[in-house]
Amino acid sequence: KLAEALAARDPKDLRSPICCILGHVDTGKTKILDNIRRTNVQDGEAGGITQQIGATYIPASAVESRTEELRKGRQFDLKLPGLLVIDTPGHESFSNLRSRGSGLCDIAILVVDLMHGLEQQTIESINLLKMRKTPFIIAMNKVDRLYKWNSVANSPIQDAMARQEEYVRKEFEDRLNQVMLQLNEQGLNVALYWKNRDPRSFINIVPTSAITGEGIPDLLQLVVKLTQSLMVDRLMFVNSLESTVLEVKQIEGLGTTIDVVLVNGMLREGDTIVVCGLGGPIVTTIRALLTPQPLREIRVKGQYVHHKELRAAMGVKIAAHNLESAVAGTQLYVAGPDDDVEDLKDAVMEDMQDIFSSVDKTGEGVCVQASTLGSLEALLEFLRSDDVKIPVSSINIGPINKKDIMRANAMIERGHKKFGVILAFDVPVTREAGALAEQMGVRIFTADIIYHLFDQFTAYLKQVKEEEQEAAKLTAVFPCVLKILPTCIFNQKDPIILGVEVVEGIAKVGTPICVPTRGGVDLGRIASLEKDHKAVESTKPEEASRSYERHFDHTDELVSRITRKSINVLKDMFRDELSKDDWRLVIKLKKIFKID
Ligand code: GDP
C-alpha cells in the first residue's frame, strides 16, 4: 500500500539512495566506479553526473541513457531522483556511513573477482553487510578475462553472453558455480539476476567487466530497481537530518573542514551543528556549505561552490570553527530552535562510548589506532573475533603521536612486552613518535588491510614467545621419570653416562635430575641426550636413551627436580608443549618434593 501511495508521489519526495562499493583489493571496485562515471562523461556531456564531496551523483537521466540498450525500447519507470555513489570504495567508508549503530548506506555492490572467488576481505565485507543488514548486489567482475572472451563494449551482459563461443560460456558457468558454492558456504542464497525469482531471499549476481563495460548497465538498473521497489519508505525525503562525517580534512584557506554525507534532511549556512570530538562534543556554526566546482567551470575563482542550503542526498564539505578534533564516522546533528544542545552533545558522544567499552578490563593488551571511528570499529571487531582474540588496552583515532608511544610503553613497564605494541590502521606515524618508539622498544605495525595487521602481530607474538622461552629455558623444568637400564650404567661419575628409559614426561637437555629414593640427592643437569646414537634435545616415553649423569644404582628412579618457580615458568611459557599426562606428572612430582 505504501508503495502504491508513494508511486503516485512526486519523485522530489524521494531522496537518492546511497550506494557503497565493497570487496577484496584488486577485484575492480575503483574500475567499476570509474566506468559508471566515465562512460557518460566521455560522450561529451556528463549527462548530469556531478562530482560531489566524497561521492558521485548519478541523476536518473544518466541511469536511463546508460540502460537504454538493456530496456530495448521499454520505459524505465524511474521514481528516484538519482543515485549517490560513495567515491572511496571499501570497508572504511561503509563503516563510517552509520547512525546509532545502523547503516546509512542504502544498497551496496559487493565486487567479487570471477577468477579468484571469495577472498579474505570479501568475507569481511559479507559479515559487515550482514551485521548492518544492508541489501547488496554481487558484481561478478572481470568476465572479460575468460579465455577467448569476445568483448562487446558496454553491452548488457546477456547480449554479451549470447555472442560468446560455447566453451567460453561453459568456463563462465563452471567458475560461477564454484563461486556460488563459496557464497552458499557463507550462508548466502544467490542467483544470477535474470534467473532470480525472489529478490527478497536471493542475492542477485551481475556478471560484469569494469574494463570493457559489459554488465555495467545491468548493475545500474538493478541498483535503482531494487532500491525503488524494496525500500521506498526508507527513501522518503524527510526534514529531520540524518548525516555522517566521512572525513576530517585540512584545506588551505578554510582551515579544518568536515566532509559530510547528507543522507536525509537539509543543511543551511549558519546552522548550529553538534559533532563528536575526540576530547568531547563540538558545538559550532556552519560558515560555508561547499561542493566542488563543476569541471567545465574550473577557471571560475575558487575551488568550491558555496551554497545557502543543500538537500539530501548529497556529499558536502562544511567549513566551521573548532573542527580540529572532529571524529570521522560519527553523526552530525543540527541544533534546531526546539532542540536541547546538551542532549545533542550526549547523543554525538554515544558512538565513542561503544568503542571505549571494548577496551580490556584487565588493562592488558595492545594499543589500537585508526583513522576514523568506522575503521577503528572494524579493527576492534576483528580483534575481538573468535579466531583472533587479541586484547586491547587502549584506543585512539588519528596520527600516532608521542603520547600514544608512552601508553604502549606503559605495557612494557608493567612486564607485558608482547603488548608493547601499536596496531595502526591507515594512520601516519609522526617522526618524533617513530623515534621515541625505536628508543623505547615499542613496536608499531601499520597496514591498510586489517588482516595484514593480524599477520604481523601474530608473527611478532611468535618471535616474542621464542625469545622468552629461550630466556626461560634454564628455569623451566620439564617433568620426567627415568628408569635406569641395569646393563647400561656406562660411567658412574664425571660425567655420569647412563642408558635410561623415559618412563613418563619429557627429558630435555638442561633438566636437573635427582634421586628421590636417596633423600633427593641431585645429580646435576642433563648435559646431552642421545637416541639411536644421535644427539637429541629431548625425548619422550618409550624411547630408550642414553643420558649423561651419581649415587644410585639401577633400582633407583630418577626424576626431574622441579620447584614452584619452575612450575610457574612452565605454565607461562610452555603450557602447550605439555600433554595432560605431563601435567599429571608435575602434580605427582609436586607431592614428592612437597611443593604447595
Ligand atoms: P580495487 O582494488 O578493487 O579498487 O581494484 P581496481 O579497480 O584498482 O582494479 C585492480 C586491477 O584489476 C587493475 O589492474 C584493473 O585494471 C584490473 N581490473 C579491474 N576490473 C577489471 C575487469 O573487469 N577486467 C579486467 N581484465 N581487469 C580488471
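Residues numbered from 1 in each chain as written. Predicted model: local features only at pLDDT ≥ 70, side-chain atom pairs only at ≥ 80, totals over all residues.

- The protein chain has the name Eukaryotic translation initiation factor 5B in an unreviewed UniProt entry, where Chlorella variabilis is given as its organism.
- What the UniProt record of the protein chain gives under Subcellular location (unreviewed entry) is the line "Cytoplasm".
- Word for word, the UniProt comment on the protein chain under Sequence similarities (unreviewed entry) is "Belongs to the TRAFAC class translation factor GTPase superfamily. Classic translation factor GTPase family. IF-2 subfamily." (UniProt positions renumbered as here; feature names shortened; annotations may be inferred.)

Digging into the overall build of the protein chain
Point 1. Across its full length, the protein chain carries 16 helices and 34 strands.
Point 2. Taken against the 2.2 N^0.38 rule, which gives 25 Å for 596 residues, the C-alpha radius of gyration of the protein chain at 33 Å runs more than 25% over that of a compact globule.
Point 3. Along the first, second and third principal axes, the C-alpha atoms of the protein chain reach 100 × 65 × 45 Å.
Point 4. Relative to its full complement of 596 residues, the protein chain shows a buried share of 41%. (Helix = DSSP H or I, 4+ residues; strand = E, 2+ residues; numbered from the N terminus. Rg over C-alpha atoms; globule rule 2.2 N^0.38 Å. Buried ≥ 20, exposed ≤ 12 C-beta atoms within 10 Å, placed from the backbone.)

So, the sheet that holds strand S7 (residues 107-113)
Point 1. The mixed open sheet is built from eight strands, whose spatial order is S2-S3-S4-S1-S7-S8-S10-S9. Edge positions in the open sheet fall to strand S2 (50-51) and strand S9 (190-192), since each of these has one partner strand only. (Pairing = 2+ DSSP bridges.)

So, the environment of Ile109
Point 1. For Ile109, the location among the structural elements is in strand S7.
Point 2. Separated by 77 residues in the primary sequence, Ile109 and Ile32 place their C-alpha atoms 9.9 Å from one another.
Point 3. With sequence-adjacent residues up to four places away left out, Ile109 is seen in contact with Cys19, Ile21, Phe136, Ile137, Ala139 and Leu219. (Contact = placed C-beta atoms within 7 Å.)

Topic: the pairing of strand S12 (residues 255-264)
Point 1. A large share of S12 lies buried, amounting to eight of its 10 residues.
Point 2. Where strand S11 (residues 242-251) lies against S12, nine bridges are found, and the strand directions are antiparallel. Residue pairing across strands places Thr244 opposite Val261, the latter belonging to S12.
Point 3. The loop that links S11 with its antiparallel partner S12 comprises three residues; one of these, Gly253, has a positive phi angle of about 85°.
Point 4. As judged from the six bridges shared by S12 and strand S19 (residues 314-319), these two strands associate in the antiparallel manner. If you follow Leu262 over to S19, its bridge partner there is Met314.

What about the environment of Val190?
Point 1. Checked against the element boundaries, Val190 lands in strand S9.
Point 2. With near-sequence residues (within four places) excluded, Val190 lies in contact with Ile138, Met180, Leu183, Phe202, Ile203 and Ile205.

Some thoughts on the site of the ligand
Point 1. Close to the ligand lie 16 residues; Gly28, Lys29, Thr30, Lys31 and Ala210 are nearest.
Point 2. Residue contributions to the shell around the ligand peak at three residues, all from helix H2 (residues 29-42).
Point 3. Looking at side-chain class alone, the shell around the ligand contains four nonpolar, six polar and six charged residues. (Near = placed C-beta within 6 Å. Nonpolar A, V, L, I, M, F, W, Y, C, P; charged D, E, K, R; others polar.)

Some details on the nonpolar core
Point 1. By size, the foremost hydrophobic cluster in this structure holds 127 residues, and its most contacted members are Cys19 and Ala108.
Point 2. For this core, the leading source of residues is helix H9 (residues 216-230), giving seven residues.
Point 3. Other than its neighbours up to four places away in sequence, Ala108 contacts Cys19, Cys20, Leu22, Phe94, Leu129, Thr134 and Phe136.
Point 4. If you look at the next biggest cluster of nonpolar residues, it comprises 28 residues, including Ala507, Ile526, Ile562 and Val586. (Core = buried A, V, L, I, M, F, W, Y, C linked by C-beta atoms within 7 Å.)

Section: the sheet that holds strand S15 (residues 282-285)
Point 1. Pairing is antiparallel across the open sheet formed by three strands, whose spatial order is S15-S14-S20. Two strands in the sheet have a free side with no partner beyond their single neighbour: S15 and strand S20 (332-334). Across this sheet, the average inter-strand angle for adjacent strands is 25°, counted without regard to direction.
Point 2. As paired strands, strand S14 (residues 272-275) and S20 are joined by three bridges and run antiparallel to one another. If you follow Ile273 over to S20, its bridge partner there is Val334.
Point 3. Sheet strands in contact with helix H10 (residues 341-356) are S14, S15 and S20, and its direction is about 35° off that of S14. (Axes fitted to C-alpha atoms, helices over the stretch in contact; angles between N-to-C directions.)

As for helix H11 (residues 373-384)
Point 1. The terminal C-alpha atoms of H11 lie 16 Å apart, and with 12 residues this matches the ideal 16 Å at 1.5 Å per residue to within 8%.
Point 2. In terms of residue burial, H11 counts as a mostly covered element, since nine of its 12 residues are buried.
Point 3. Along H11, the residues classified as buried are Leu373, Gly374, Ser375, Leu376, Glu377, Ala378, Leu379, Leu380 and Leu383.
Point 4. Packed against the buried residues of H11 are helix H5 (91-96), H10, strand S21 (366-370), strand S22 (392-397), strand S23 (421-425) and helix H14 (450-472). (Expected span 1.5 Å × (residues − 1).)

Some remarks on unusual backbone geometry
Point 1. Here the bond from Ala312 into Ala313 is cis, since omega is -5°, no more than 30 degrees from zero.
Point 2. Structurally, Ala313 is set in the loop between strand S18 (309-311) and S19.
Point 3. Although it is not a glycine, Lys148 adopts a positive phi angle of roughly 65°.
Point 4. Examined against the element boundaries, Lys148 turns out to sit in the loop between strand S8 (136-141) and helix H7 (157-162).
Point 5. The class of Lys148 is exposed, set by 9 C-beta atoms lying within 10 Å.
Point 6. The backbone of Asp426 sits at a positive phi, close to 60°, despite the residue not being glycine.
Point 7. Here Asp426 lies in the loop between S23 and helix H13 (431-440).
Point 8. A residue is classified by how many C-beta atoms lie within 10 Å of it, and Asp426, with 18 of them, is partly exposed.

Regarding helix H6 (residues 120-132)
Point 1. With 13 residues, H6 extends 19 Å from end C-alpha to end C-alpha; this agrees with the ideal 18 Å at 1.5 Å per step.
Point 2. Among all positions in H6, only Gln121, Thr122, Glu124, Ser125, Ile126, Leu128 and Leu129 are buried.
Point 3. In this structure, the buried residues of H6 make contact with strand S1 (18-23), H5, S7 and S8.
Point 4. At the exit of H6 stands Lys133, carrying a positive phi of roughly 55°.

Here's the deal with the packing of helix H12 (residues 402-413) against H13
Point 1. Taken N-terminus to C-terminus, the directions of H12 and H13 make an angle of 20°; their axes are 8 Å apart at the nearest point. The pairing of H12 with H13 is recorded here as roughly parallel in orientation. The way H12 lies across H13 gives a crossing that is right-handed. For the pair H12 and H13, the contacting residues are Lys402, Asp404, Ile405 and Asn409 in the first and Glu432, Ala433, Leu436, Ala437 and Met440 in the second.
Point 2. Of the residues assigned to the contact of H12 with H13, the class counts are five nonpolar, one polar and three charged. (Parallel < 35°, antiparallel > 145°, perpendicular 65-115°, else oblique. Left-handed = near helix turned anticlockwise from the far one by under 90°.)

Side note on the confidence of the model for the protein chain
Point 1. Averaged over the protein chain, the pLDDT score is 87; the fraction of residues at 70 or greater is 93%.
Point 2. For this predicted complex, the interface score ipTM comes out at 0.99, while the overall pTM is 0.73. (pLDDT = per-residue confidence, 0-100.)

A few points about the pairing of strand S28 (residues 512-515)
Point 1. In terms of strand pairing, S28 meets strand S29 (residues 521-525) through four bridges, oriented antiparallel. Residue pairing for S29: Val515 is matched across the bridge by Val521.
Point 2. What sits between the antiparallel neighbours S28 and S29 is a turn of five residues, in which Gly519 has the positive phi angle 65°.
Point 3. In this sheet, strand S34 (residues 557-560) lies alongside S28 in antiparallel orientation, the contact comprising two bridges. Within S34, the position partnered with Cys514 by the bridge is Val559.

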